[in-house]
Amino acid sequence: MIKDRIEAGRKLAYKLAAYKNTSDTVVLALPRGGVVVGFEIASALGLPLDIIVSRKIGSPDNPEYAI
């Protein structure tokens, strides 16, 4: 088990070590929980961090359905 998102980011960074300090790589994260994970990865690998802002697309026929 993974204790929290910080630990998850550090474990992922270890697996992605081949990308450390590469000039053509950026870490992209989804807001909320993903930014914490992405920050840990970017920090450990010396890479820039950016976010992807997304929004649900609703269905006009069903307000509970979203993509």
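To be clear, the structure that these remarks concern was listed above.
Throughout what follows, the structure given in this document is the object of discussion.

Turning our attention to the side chain of E40. Within the secondary structure layout, E40 lies in helix α2 (residues 33-45). Within the structure, E40 has its side chain in polar contact with the side chain of R10 (distance 3.1 Å). Ignoring anything within four residues of it in the chain, the contact list for E40 reads I6, G9, R10 and A13.

As a further point, take helix α1 (residues 5-15). Taken as a whole, α1 has its buried residues at A8, G9 and A13. Considered in projection along α1, the buried side chains sweep an arc of 135 degrees and stay on one side of the axis. Exposed side of α1, more than 90 degrees from the buried face: R10, Y14 and K15 are the residues found there. Those residues of α1 that are buried lie in contact with α2. Its side-chain oxygen placed 3.3 Å from the backbone nitrogen of I6, D4 serves as the N-cap of α1.

Let's shift gears to the pairing of strand β4 (residues 62-66). Bridge analysis of strand β3 (residues 58-59) against β4 gives two bridges, and the strand direction is antiparallel. Looking across to β4, one finds that S59 is bridged to N62. As consecutive antiparallel partners, β3 and β4 are separated by two residues.

Looking at the secondary structure, you find T25 in the loop between α1 and β1 (27-29). Polar contacts involving the side chain of T25 include one to the side chain of T22, which spans 2.6 Å. Looking at T25, its side chain comes within polar contact range of the side chain of D24, at 3.4 Å. Among all residues touching T25, those that are not within four sequence positions of it are Y19, L47 and P48.

Conventions and cut-offs
Numbers given to residues run from 1 along each chain, matching the order in which its sequence is written. Since the coordinates come from a predicted model, pLDDT governs what is reported: local features require at least 70, and pairs of side-chain atoms require 80 or more to be given and counted, while whole-chain, interface and lining totals use all residues. Heavy atoms from the whole structure form the basis of all side-chain values; hydrogens and water molecules are not counted. The helix count covers DSSP runs of H or I at least four residues long, the strand count covers runs of E at least two residues long, and both are numbered beginning at the N terminus. Within 3.5 Å is the distance limit for a polar contact, defined as a pair of N or O atoms, with the added protein rule that one can donate a hydrogen and the other accept it, and that residues adjacent in sequence qualify only through two side-chain atoms. By the convention used here, residues are in contact when the closest approach between their heavy atoms is within 4.5 Å. Categorising residues by exposure relies on relative accessible area from a 1.4 Å probe, with only protein chains included: less than 20% of the type maximum marks a residue as buried, more than 50% marks it as exposed, and the intermediate range marks it as partly exposed. The arc in question is traced by the directions running from the helix axis to the C-beta atoms. At least two bridges found by DSSP between two strands are what make those strands a pair.

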